[in-house]
Amino acid sequence: MHKTVLEHFSAPTYVIPGIESGGELMEQERFWLSYECLLRYLRASKWKVPAAIQRLEDTLKWRREFGLYDTVTAAHVEPEALTGKEVLFGFDKHSRPGFYMFPSRQNTEQPPRQIEYAFWMLERSIDLMPPGVENIALLINFADRAKNPAMGTARTVLNILQTHYPERLGLSLISNVPFLVNAFFKIITPFIDPVTRAKMKFNPDLIKDDIFAPEQVMVEWGGSADFEYVHETYWPALLKLCEERRNQWEDKWRSLGGHVGIKEWDYKCGGDLKPETDSEKDDGLERRSLTPPLTKESEIVPAVVQDEAQVAA
């Protein structure tokens, strides 16, 4: 199954269907079409090869149309980031990046760019995923009289997440849910697929439930990390870190051949990520938000082996 999908996208004459000119895969798209990416879409398609290929091609087209490679840039979305309404901080006990959302910090009224910012941040969380990690822990805190998003915006975000980011959501942890927001979730629940719905937890205790270590969680969520968002320091530090990691992984990927189907495990483990120097430490992004807790290889390999068995089927 995996081999069939790989051969489809590796064909020398392959072009993305529905694109009149320039349909050949760009380097960024070949990098995105990793071994694990093909597996994520196969699993999401219940191992039906034609469906997986169709979904991958739909996402390839969407990523271009949405502007992930050109228009949705750091400079474009930065006005959305000024108040720290979305923050990448810490890692859970499975080394998944913590992606915090604080609706009460909403500072704009432009839904298109708000949506672009959310997925730009999701792409940055992917940049921060260590070897063997493929999804995030999403934390949404509705404290401080947070406004619930418009129904149209919520449905658009859900549709994009479920369609173009299969298996990227590990957990969705929702805290301080007031009556109106609870009613809002009941309204949008029919639009959430069962797999995504099963990952949603309301008002969890992140420490007692053994989801996060205290030092990896902000105080607002019951952790011990007293983190204050300062845009002027956090933003450039985030951009620098993500660019460095992405460049190192892409360089290693090129050295492995730069083709479709290279394993993320191979180019991440072989990337030799350089540790921060004392002068680079923190920079407004706490060190704990840059480096995941050490993950034993034995905890990661079984999942990879299980997928290998499916591939061979």
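Nothing here was measured: the structure is a model prediction, and the numbers come from that model. (Residues numbered from 1 in each chain as written. Predicted model: local features only at pLDDT ≥ 70, side-chain atom pairs only at ≥ 80, totals over all residues. Heavy atoms only, no water.)

Turning our eyes to something else, we now look at the packing of helix H6 (residues 111-127) against helix H10 (residues 231-255). Contact geometry for H6 and H10: axes closest at 9 Å, N-to-C directions at 55°. Relative to H10, the element H6 is oriented oblique. As H6 packs across H10, the resulting crossing turns out to be left-handed. Residues Tyr117, Trp120, Met121, Arg124, Ile126 and Asp127 of H6 touch H10, and the partners they reach there are Trp235, Leu238, Leu239, Cys242, Arg245, Arg246 and Trp249. (Axes fitted to C-alpha atoms, helices over the stretch in contact; angles between N-to-C directions. Helix = DSSP H or I, 4+ residues; strand = E, 2+ residues; numbered from the N terminus. Parallel < 35°, antiparallel > 145°, perpendicular 65-115°, else oblique. Left-handed = near helix turned anticlockwise from the far one by under 90°. Contact = heavy atoms within 4.5 Å.)

Before going further, it helps to spend a moment on the pattern of salt bridges. Counted by the stated rule, this structure contains 17 salt bridges. Arg254 is the partner of Glu27 in a salt bridge, and the nearest nitrogen-oxygen pair spans 2.9 Å. Of the two residues, Glu27 is situated in helix H2 (residues 27-32) and Arg254 in helix H10; the sequence distance between them amounts to 227 residues. Across the salt bridge formed by Arg40 and Glu264, the nearest N and O atoms sit 3.2 Å from each other. Of this pair, Arg40 sits in helix H3 (residues 35-44) while Glu264 sits in helix H11 (residues 264-269), placing them 224 residues apart in sequence. Grouping residues by exposure puts Arg40 and Glu264 together as buried. Taken together, the salt bridges that share partners define one network made up of Arg40, Arg43, Glu134, Glu167 and Glu264. (Salt bridge = Lys/Arg side-chain N within 4 Å of Asp/Glu carboxyl O. Buried < 20%, exposed > 50% of the residue type's maximum accessible area, 1.4 Å probe, protein only.)

Moving on, we come to the packing of aromatic side chains. Within this structure, the stated rule accounts for 16 aromatic pairs. The interplanar angle of 5° and the centroid separation of 6.0 Å between the aromatic rings of Tyr100 and Phe102 together place this pair among those described as stacked. Exposure class is identical for Tyr100 and Phe102. Each is buried. Chaining the aromatic ring pairs together yields one cluster made of Phe89, Tyr100, Phe102, Trp221, Phe227, Tyr229 and Tyr234. The positively charged end of Lys263 is found above the aromatic ring belonging to Tyr35, 4.7 Å away from the centroid. (Phe/Tyr/Trp six-rings, centres within 6.5 Å; stacked < 30°, edge-to-face > 60°. Lys NZ or Arg CZ within 6 Å of the ring centre and 35° of its normal.)

Over its 14 residues, helix H7 (residues 151-164) runs 20 Å from end to end, which matches the ideal 20 Å to within 8%, given 1.5 Å per residue. Along H7, the positions that sit buried rather than exposed are Thr153, Ala154, Leu158, Ile160, Leu161, Gln162 and His164. (Expected span 1.5 Å × (residues − 1).)

Locating Arg30 in the fold gives a position in helix H2. Note: C-alpha distance between Arg30 and Ser10 (20 residues apart in sequence) is 8.9 Å. Ignoring anything within four residues of it in the chain, the contact list for Arg30 reads Leu25, Trp253, Gly258, His259 and Val260. Within the local environment of Arg30, its side chain forms a polar contact with the backbone oxygen of Gly258, the two atoms lying 3.2 Å apart. (Polar contact = N/O pair within 3.5 Å; in protein donor to acceptor, adjacent residues only side chain to side chain.)

Right, let's talk about the environment of Val5 for a bit. When you line up the elements, Val5 lands in helix H1 (residues 2-10). By relative accessible area, Val5 is classed as buried at 0%. Residues Val5 and Val49, spaced 44 residues apart in sequence, show a C-alpha to C-alpha distance of 6.7 Å. Excluding residues within four positions of it along the chain, Val5 makes contact with Leu38, Leu42, Val49, Ile53 and Leu56.

Geometric values such as these leave the question of function open.
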